[in-house]
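Here are the chains, one letter per residue:
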Amino acid sequence: MKIAIIGYGKMGHAIERKALGRNVVPAIMQSIDADLDHSVFSFIPNTAEVAFIGMVEGLEAQLAKEKTDSILKAQADNSLTPHALREIMARKLRVEKVAIKDIKLRTFIAEGESRNDLAAHVYDVTYGIIENNRDNLVVIDDSIVRGTTLKQSILKMLDRLHPRKIVVVSSSPQVRYPDYYGIDMSRMGEFIAFRAAVELLKERGMESVLHDTYRRCLQQENLLDLEVTNCVKSVYAPFTQDEISDKIAGMLTADGSINAPVQIVYQTLEGLHDAIPDHPGDWYFSGDYPTPGGTRLVNRAFINFYEGNADKR
């Protein structure tokens, strides 16, 4: 979550990350068609473990509700036998650790010569967790910013387990805008959410939005601070969060190397604010910068993108 939660105490930090995990549970349930019995839940990388705990707590609450409903229904139908009760109570959430992003996995991603050996090590410890082509595999990450690691390694690794479906959950919302307050994320093309929105505009014959945004960004450069607005918001405006998420999933699997269907689930801005109510630092999700300088720079970043200056910061 970077700046949005920086400076928190250790306990508050954990509480808020757990709340972020809980807040994505409704979207997860929708992504797996509410089939908890045929879904396995995990996290990648290790830094997502606290959000994972919150997610599991939310899923356990959902499972407890389902058990209660099943018992009440069986009572109403006069079918609550001891055997039926044992079957209901035996339902458990399937929680596993499918991969460990420690130094070995980082090496696996970075060093081509070691990939096969390290991949075999990871898969040796994860085989048997997934029932082939029947179980969903749901993994939570802190954030999905560029999508590079997902595309080049993580999705391929998960797909080797032969799940029916892969659901990758981001405990933070879509990172749509650069940050200019301490983190080196200043180029629009770095963000997969932005690239997905651009692709959607092109696919739907709406490339004029890009030109209009560029023109407005140029006009903004000579305005007073109080008059400056974030013109880049118009790139995202035609689309829902789900449309952009679906496009991201398509971009990550476009090379055809992944057999299982892939769905990307992002935290919502509302879920972020609910989890962290007293800290409004959400500008790289919302585009609402706290200073005119930030707003000027995001417009300049789009100008650089549009003019083809991909490496210019």
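Just so it is clear, the structure is predicted and the values come from calculations on it, not from any experiment.

Caption draft 1: Here's a closer look at the overall build of the protein. A tally of helices and strands in the protein yields 14 helices and five strands. With 313 residues in all, the protein has 48% of them scored as buried. In the protein, the share of contacts with a sequence separation of at least 24, taken over all contacts with a separation of at least 6, comes to 79%.

Caption draft 2: Inspection of the pattern of salt bridges at higher detail. On inspection of all chains with the given rule, the structure shows 19 salt bridges. With a closest N to O distance of 3.1 Å, R204 and E243 form a salt bridge. Highlighted residues: R204 in the loop between helix 8 (192–203) and helix 9 (208–220) and E243 in helix 11 (residues 241–252), separated in sequence by 39 residues. With a relative accessible area of 42%, R204 lands in the partly exposed category. For E243, a relative accessible area of 26% corresponds to the partly exposed category. Several salt bridges converge on common partners, so that one network encompasses K18, R22 and E57.

Caption draft 3: Local environment of helix 7 (residues 148–159). Relative to the 16 Å expected for 12 residues at 1.5 Å per residue, helix 7 spans 16 Å between its end C-alpha atoms, a close match to the ideal helical length. Among the residues of helix 7, L150, S153, I154, L155, M157, L158 and D159 are the ones counted as buried.

Caption draft 4: Broad picture of the packing of helix 3 (residues 49–76) against helix 4 (residues 82–89). Direction vectors running N to C along helix 3 and helix 4 enclose 165°, while the axes themselves pass 10 Å from each other. In this view, helix 3 runs roughly antiparallel relative to helix 4, as classed from their interaxial angle. In this structure, helix 3 crosses over helix 4, and the sense of that crossing is right-handed. From helix 3, K67, S70 and I71 reach across to helix 4, where they touch L85, I88 and M89. Its residues assigned to classes, the contact of helix 3 with helix 4 shows four nonpolar, one polar and one charged.

Caption draft 5: Structural view of the nonpolar core. Ranked by internal contacts, the top residues of the largest apolar core, which has 63 residues, are L158, F194, V235, I244, I248 and I264. The leading source of residues in this core is helix 8, at eight residues. Residues in contact with L158, not counting those within four places in the same chain, are I44, V98, L137, V139, P163 and I166. Listed in part, the 21 residues of the second largest apolar core include M29, A51, F52 and I140.

Caption draft 6: Representation of the pairing of strand 4 (residues 165–170) in the model. Here strand 4 lies mainly inside the structure; six of its six residues are buried. Here strand 4 shows no split at all, with K165, V167 and V169 on one side and I166, V168 and S170 on the other all buried. Handedness of the β-α-β unit built from strand 3 (residues 136–141), helix 7 and strand 4 comes out right-handed. Pairing between strand 4 and strand 5 (residues 262–266): five bridges, direction parallel.

Caption draft 7: View of the confidence of the model for the protein. Across the protein, the average pLDDT comes to 87, with 85% of residues at or above 70. Every residue in residues 1–12 is under pLDDT 50, and counting partners more than four places away or in other chains gives 27 contacts. For the stretch residues 103–125, pLDDT sits under 50, and the model shows 23 contacts to residues farther than four places along the chain or on other chains.

Caption draft 8: Layout of the pairing of strand 1 (residues 39–43). Among the five residues that make up strand 1, five are buried, leaving the element largely enclosed by the rest of the structure. Side chains S39, F41 and F43 of strand 1 all project onto a buried face; the interleaved residues V40 and S42 project onto the opposite face, where all are buried too. Both strand 1 and strand 2 (residues 94–95) contribute to a ladder of two bridges, which runs parallel. In the sheet register, V40 faces strand 2, and the bridge partner there is R94.

About the thresholds
Residues numbered from 1 in each chain as written. Predicted model: local features only at pLDDT ≥ 70, side-chain atom pairs only at ≥ 80, totals over all residues. Heavy atoms only, no water. Helix = DSSP H or I, 4+ residues; strand = E, 2+ residues; numbered from the N terminus. Buried < 20%, exposed > 50% of the residue type's maximum accessible area, 1.4 Å probe, protein only. Contact = heavy atoms within 4.5 Å. Salt bridge = Lys/Arg side-chain N within 4 Å of Asp/Glu carboxyl O. Expected span 1.5 Å × (residues − 1). Axes fitted to C-alpha atoms, helices over the stretch in contact; angles between N-to-C directions. Parallel < 35°, antiparallel > 145°, perpendicular 65-115°, else oblique. Left-handed = near helix turned anticlockwise from the far one by under 90°. Nonpolar A, V, L, I, M, F, W, Y, C, P; charged D, E, K, R; others polar. Core = buried A, V, L, I, M, F, W, Y, C linked by side-chain atoms within 4.5 Å. Right-handed = clockwise from strand over helix to strand, strands pointing away. Pairing = 2+ DSSP bridges. pLDDT = per-residue confidence, 0-100.

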